[in-house]
Amino acid sequence: MRVENGHGKNKPNIRKFAENDMADGFNSDDLDCESGGQKKTVKVGTRGSKLALAQTELVIKALNERFSQVDFQMVTMSTRGDRDTSRALLEFGGKAVFVEEFEEAILKGDIDIAVHSAKDMPMEIMEGLTISGTLPRACPQDVFIYKSGRSFDRNDSFVVGTSSLRRQYQIRDMYPNAECKNLRGNVGTRIQKLEDGEYDAIILAAAGLERLGVIEDKGNDSTECFEVHKDELTFRYISTESMLPAACQGIIAIETRTYGEAYDMVRTINDTEAYTQLTCEREVLSRLNAGCHEPIGVYSELHGDHMKISLMKADAASSDKEKDEEIQIHRKTVEGNNAEWEQLVEALIK
Ligand SMILES: NCc1[nH]cc(CCC(=O)O)c1CC(=O)O
């Protein structure tokens, strides 16, 4: 039985990794990979949606480049959240319904690694587990999608499909007469519903669209508004200023035990910039005590040592849920040196 080495805190610590980064010292030759001619197997758990599979393939590709002699096996699992899509379950269980079963599987030894969209992860991670790495972040922006040719003036009335309160409040800030209707299902289904005319426009994360190949990866890190046209559809990337993304949008989080071979392997592919953003944005959520259904946007931008963190919080002026409430949107931005990110977070939330 191995004793935990103190990496097992739920909250990853940027400085600790910076001081003790395994990426340089760790050598794949140290692994006992080919004992008896048998390739070592590492099991990578994933949800079964197309997006989840595409993201897990990216993780396996990155691992394979480092550890060509290891057989990384994809293990597709359905979670309580996938099996029962009733609102009640999601509200009761929150984000955990998509993650818990992977965590139990790692602890039981059924899988070694779990791949998640970081924005769908709950604040609490089971004891003994950690986010050991991230891939480079995809575009953090949200995309407003509609049939090409249609135009939207500020005061137009139209129907937007999105179930996210964060997106609803911000789009209604841009278009006060827009009506938001719930939109569920995976990315392909949601676009189909737009094409079928159920909505005038829908909002999806650029990261998912790009990773699924629905639109090409634009390959730059602008956060400004611009448009892409494809197959009769217009994909308008909304500026992060108008539509602040969900915390960790576009980041793939890789979870393992807090020590051991899988942990060491994942550390070697970790993207330090995305990891810093993940740590910082999760810290903001944690400090705000935010559940997953609260309308909160968080985005931390890194330019060298310079960090800029933005927060969007919305609250209803009226407590009467039946009434068409007046929504108050609060935005705040702080900037400074990234080494002082904890103080920046402190200043942001107060
Ligand atoms: N909530 C579902 C979800 N979780 C992660 C992504 C996209 C990928 C990402 O943001 O990392 C999506 C789809 C969407 O919001 O459009």
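Under the annotation held in an unreviewed UniProt entry, the protein chain carries the name Hydroxymethylbilane synthase and is attributed to Coprococcus eutactus. According to the UniProt record, the Function (unreviewed entry) comment for the protein chain reads "Tetrapolymerization of the monopyrrole PBG into the hydroxymethylbilane pre-uroporphyrinogen in several discrete steps." Regarding the protein chain, the relevant UniProt record gives this comment under Catalytic activity (unreviewed entry): "4 porphobilinogen + H2O = hydroxymethylbilane + 4 NH4(+)".

Enquirer: Can you walk me through the packing of helix α3 (residues 50-66) against helix α10 (residues 261-269) in this structure?
Expert: A packed helix pair is summarised by two numbers, namely the angle formed by the two axes and the spacing between the axes. Look at α3 against α10: their axes get within 10 Å of each other, and the N-to-C directions meet at 95 degrees. Relative to α10, α3 is oriented roughly perpendicular. Contact residues: α3 offers Val59, Ala62, Leu63 and Arg66, while α10 offers Met265, Val266, Thr268 and Ile269.

Enquirer: Please clarify how the site of the ligand should be interpreted in this entry.
Expert: Close to the ligand lie Leu51, Ser117, Lys119, Asp120, Arg167, Leu204, Ala205, Ala207, Gly208, Gln249, Gly250 and Ile251, which account for all nearby residues. One of the side-chain nitrogen or oxygen atoms of Asp120 is found 2.7 Å away from a nitrogen atom of the ligand. A distance of 3.0 Å is found between an oxygen atom of the ligand and a side-chain nitrogen or oxygen belonging to Arg167. Isolated, the ligand exposes 390 Å² of accessible area, and the fraction of that covered by the protein chains is 85%. Elements with a contribution of two residues or more to the shell around the ligand: β8 (201-205) and α9 (206-211). Looking at the shell around the ligand, its residues break down into five nonpolar, four polar and three charged. Each of domain 1 (14-137 + 247-271) and domain 2 (142-237) accounts for three or more of the residues forming the shell around the ligand.

Enquirer: Teacher, can you tell me more about unusual backbone geometry here?
Expert: For residues besides glycine, phi is generally negative; the peptide bonds are generally trans as well. For Asp231, which is not a glycine, the phi torsion comes out positive at approximately 45 degrees. Counting through the fold element by element, Asp231 comes out in the loop between β9 (226-230) and β10 (233-237). With a relative accessible area of 58%, Asp231 lands in the exposed category. Located in the positive-phi region is Glu232, a residue other than glycine, with phi close to 70 degrees. As for its position among the elements, Glu232 is in the loop between β9 and β10. A residue is classified by how much of its surface remains accessible, and Glu232, at 68% relative accessible area, is exposed.

Cut-offs applied
- Residues numbered from 1 in each chain as written.
- Predicted model: local features only at pLDDT ≥ 70, side-chain atom pairs only at ≥ 80, totals over all residues.
- Heavy atoms only, no water.
- UniProt positions renumbered as here; feature names shortened; annotations may be inferred.
- Axes fitted to C-alpha atoms, helices over the stretch in contact; angles between N-to-C directions.
- Helix = DSSP H or I, 4+ residues; strand = E, 2+ residues; numbered from the N terminus.
- Parallel < 35°, antiparallel > 145°, perpendicular 65-115°, else oblique.
- Contact = heavy atoms within 4.5 Å.
- Near = heavy atom within 4 Å.
- Polar contact = N/O pair within 3.5 Å; in protein donor to acceptor, adjacent residues only side chain to side chain.
- Areas by Shrake-Rupley, 256 points an atom, 1.4 Å probe, with all protein chains shown as cover.
- Nonpolar A, V, L, I, M, F, W, Y, C, P; charged D, E, K, R; others polar.
- Domains from an automatic or database assignment.
- Buried < 20%, exposed > 50% of the residue type's maximum accessible area, 1.4 Å probe, protein only.

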